[in-house]
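# Residue-level structural notes
Listed below, chain by chain, are the residues.
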Amino acid sequence: MSAITEEAILAALRTIRDGERGDLVALGMISGLQLKDGHVAFAIEVDPARGPALEPLRRAAEKAVDALPGVLSVTAVLTAHRAAAPPARSSRGHSHAPGPGHAPAAPAGRGAIDGVGAIVAVASGKGGVGKSTVAVNLALGLAANGLKVGILDADIYGPSMPRMTGISGRPTSHDGRVLEPMQHHGLKVMSIGFLVAEDTPMIWRGPMVMSALQQMLRDVNWAPLDILVVDMPPGTGDAQLTMAQQVPLAGAVIVSTPQDIALLDARKGLNMFRKVDVPVLGIVENMSFFCCPNCGHRSEIFGHGGARREAERLGTEFLGEIPLDIAIRETSDGGTPITVADPTGPHAAAFRALAARVWEMVGTGDARRAPPRIVVR
Ligand code: ADP
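This report concerns the structure included in the present document. (Residues numbered from 1 in each chain as written. Predicted model: local features only at pLDDT ≥ 70, side-chain atom pairs only at ≥ 80, totals over all residues. Heavy atoms only, no water.)

Looking now at the overall build of the protein chain. For the protein chain, the count of helices and strands is 13 helices and 12 strands. Expressed as a percentage of the 377 residues in the protein chain, the buried residues total 53%. Across the protein chain, contacts joining residues at least 24 apart in sequence account for 75% of those joining residues at least 6 apart. Surface exposure of the protein chain reaches about 16500 Å², of which carbon and sulfur atoms provide 53%. (Helix = DSSP H or I, 4+ residues; strand = E, 2+ residues; numbered from the N terminus. Buried < 20%, exposed > 50% of the residue type's maximum accessible area, 1.4 Å probe, protein only. Contact = heavy atoms within 4.5 Å. Areas by Shrake-Rupley, 256 points an atom, 1.4 Å probe, with all protein chains shown as cover.)

Right, here's the structure in full:
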């Protein structure tokens, strides 16, 4: 059997018509077509006003491609084709969206989200430093401080929020267009992990990731929220940069371990946000030190204090240190993070303090008034 080609997919999509207007390809509605080892993904760009009526069209497109020989799986998503608010220029409307790294300098879609106060990113230079753990506990700390909080898991390739919030199942929609966020521990939560079966390969790249993120940001009933915490994907590559450009961020919190500070990864994270004019609120040092659960002895396994020094050197704030503690791992991996599992304990207090400082900065506009200084010594 010959391998499936892009041409064959487009030919199948030409058989699907959007009523009298014409076929999906001729109308330029297909974007971000990705094809890898028989797995196909694409977006159908639609006028949001017609959203609910177009679900049958999406299904028909998926079915047409699925019927092609050599196709193993198909994922089609409806993407709102939005006119950007003037004077910004819309980046949409291509029949073939640009690849990663070709994001427009002034992206459409960076507008605020109705009913959402501030959006804050939690990011890291690399994976495994506890970024998602800090993100979920920060969100819970904000909620414990009396705010209405949501958490958006922007890690399309490795979503962790279903596990960390202990939520399973699929989000529902009242109108076939806007998804209701999942809810637990007083948080509104959205993650690609709720939408795609665990065994579905994540072959999305560039434009597909962007359209999935845009949908999770804009086609979810988030409002009313005081603050939305975005758990960014790890790393500082093109995908992260594009994402940071697309999401209307009030600021970013960088999570780092003592050793990753030494390896400069956190610095890369900082620079990435600066490139796209997002204020870096500060650095959190995670797995900062180890407290022996038996004798209480404090060991600084990876060295300690690096993040504080580095934050100072880079002219950004040191937001606090979180110890390496088995209770933090067990509670976040078990779906009841430490801030709710042990609300009177020292870790919950640390996360509430972090939350209070973050809210102080974005809630009062400090982040905008006082962008971080770059100190050259
Ligand atoms: P990332 O989002 O950076 O990839 P995660 O938040 O998923 O990292 O954390 C990676 C692993 O480390 C998880 O099993 C998590 O429970 C654990 N972990 C994170 N922070 C801590 C901590 N302070 N103490 C103990 N375990 C932690």
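Now that the structure is up, let's keep going.
All right, on to the site of the ligand then. The ligand sits among 18 residues. The nearest are G128, K131, S132, T133 and D333. For the ligand, an oxygen atom lies 2.8 Å from a polar atom in the backbone of G128. Calculation on the ligand without its partners gives an accessible area of 560 Å², and the protein chains cover 84% of this total. Only α3 (131-144), β10 (280-291), β12 (318-324) and α10 (326-333) provide two or more residues apiece to the shell around the ligand. With 4 residues, α10 is the single largest residue contributor to the shell around the ligand. In the shell around the ligand, the residues fall into 7 nonpolar, 7 polar and 4 charged. (Near = heavy atom within 4 Å. Polar contact = N/O pair within 3.5 Å; in protein donor to acceptor, adjacent residues only side chain to side chain. Nonpolar A, V, L, I, M, F, W, Y, C, P; charged D, E, K, R; others polar.)

Each α-helix turn comprises 3.6 residues. Residues three or four places apart therefore point the same way. With 14 residues, α3 should cover 20 Å at 1.5 Å per step; its first-to-last C-alpha distance of 20 Å lies within 8% of that length. By the criterion of burial, α3 is predominantly enclosed, with 12 of the 14 residues buried. Count one or two residues on from α3 and you reach G146, which has phi positive near 95 degrees. (Expected span 1.5 Å × (residues − 1).)

In this structure, D231 sits in strand β8 (residues 225-231). Among the polar contacts made by the side chain of D231, one reaches the side chain of S132 at a distance of 2.7 Å. Excluding residues that lie within four positions of it along the chain, D231 makes contacts with V122, K131, S132, A135, L152, D153, A154, D155, S160 and M161.

For strand β5 (residues 149-153), the tally of buried residues reaches 5 of 5 residues, placing the bulk of the element in the interior. Neither face of β5 is exposed, since V149, I151 and D153 on one face and G150 and L152 on the opposite face are all buried. Direction of pairing for β5 relative to strand β7 (residues 187-191): parallel, over a ladder of 5 bridges. Bridge pairing in β7 links L152 to M190. (Pairing = 2+ DSSP bridges.)

On to the packing of α3 against helix α12 (residues 346-363), then. In contact at an axis separation of 8 Å, α3 and α12 are set at 75 degrees when each is read in the N-to-C sense. It follows from the interaxial angle that α3 and α12 lie roughly perpendicular. Between α3 and α12, the contacting residues are V134, N137, L138, G141, L142 and A144 on the first element and F351, R352, L354, A355, V358 and W359 on the second. For the contact of α3 with α12, a count of residues per class yields 9 nonpolar, 2 polar and 1 charged. (Axes fitted to C-alpha atoms, helices over the stretch in contact; angles between N-to-C directions. Parallel < 35°, antiparallel > 145°, perpendicular 65-115°, else oblique.)

A few words now on the pattern of salt bridges. Should the charged atoms of two oppositely charged side chains come close, the side chains can pair. As enumerated under the stated definition, the model contains 7 salt bridges in all. Residue R21 is joined to D18 by a salt bridge in which the shortest nitrogen-to-oxygen separation is 2.3 Å. Judged by relative accessible area, which is 5%, D18 ranks as buried. Among the salt bridges present, the one from R329 reaches D333, with a minimum N-O distance of 2.9 Å. Of the two residues, R329 and D333 are both situated in helix α10; the distance of 4 residues between them amounts to about one turn of the helix. Residue classification places R329 among the partly exposed residues on the basis of a relative accessible area of 46%. Salt bridges sharing partners connect three or more residues here, namely R163, R329 and D333. (Salt bridge = Lys/Arg side-chain N within 4 Å of Asp/Glu carboxyl O.)

The biggest cluster of nonpolar side chains holds 76 residues, and the ones touching the most others in it are I151, L152, I227, V229 and F273. The residues touching F273, leaving out its near neighbours within four places in the chain, are A121, A123, M232, A244, L249, A252, I254, V278 and V280. Core analysis: the next-biggest nonpolar cluster, separate from the first, contains 25 residues, I9, A12, V25 and M29 among them. (Core = buried A, V, L, I, M, F, W, Y, C linked by side-chain atoms within 4.5 Å.)

Trans is the prevailing form of peptide bonds, just as negative phi is the prevailing case for residues other than glycine. Here the amide bond leading from A223 into P224 is cis, since omega sits at -5 degrees, within 30 degrees of zero. Although it is not a glycine, D277 adopts a positive phi angle of roughly 60 degrees. Examined against the element boundaries, D277 turns out to sit in the loop between α8 (265-275) and β10. On the basis of relative accessibility, which here comes to 67%, the residue D277 falls in the exposed class.

Mapped onto the elements, A154 comes out in the loop between β5 and α4 (161-165). Judged by its relative accessible area of 0%, A154 falls in the buried class. For A154 and M190, which are 36 residues apart along the polypeptide, the C-alpha to C-alpha distance reads 8.8 Å.

Most of strand β9 (residues 251-256) is tucked away, with 6 of its 6 residues classed as buried. Here β9 shows no split at all, with G251, V253 and V255 on one side and A252, I254 and S256 on the other all buried. Relative to β9, strand β4 (residues 116-124) runs parallel, the two being bridged by 5 bridges. The residue bridging V120 from the neighbouring strand is G251, located in β9. By the bridge criterion, 5 bridges tie β9 to β10 in an arrangement that is parallel. Its bridge partner being in β10, A252 is matched across the sheet by V280.

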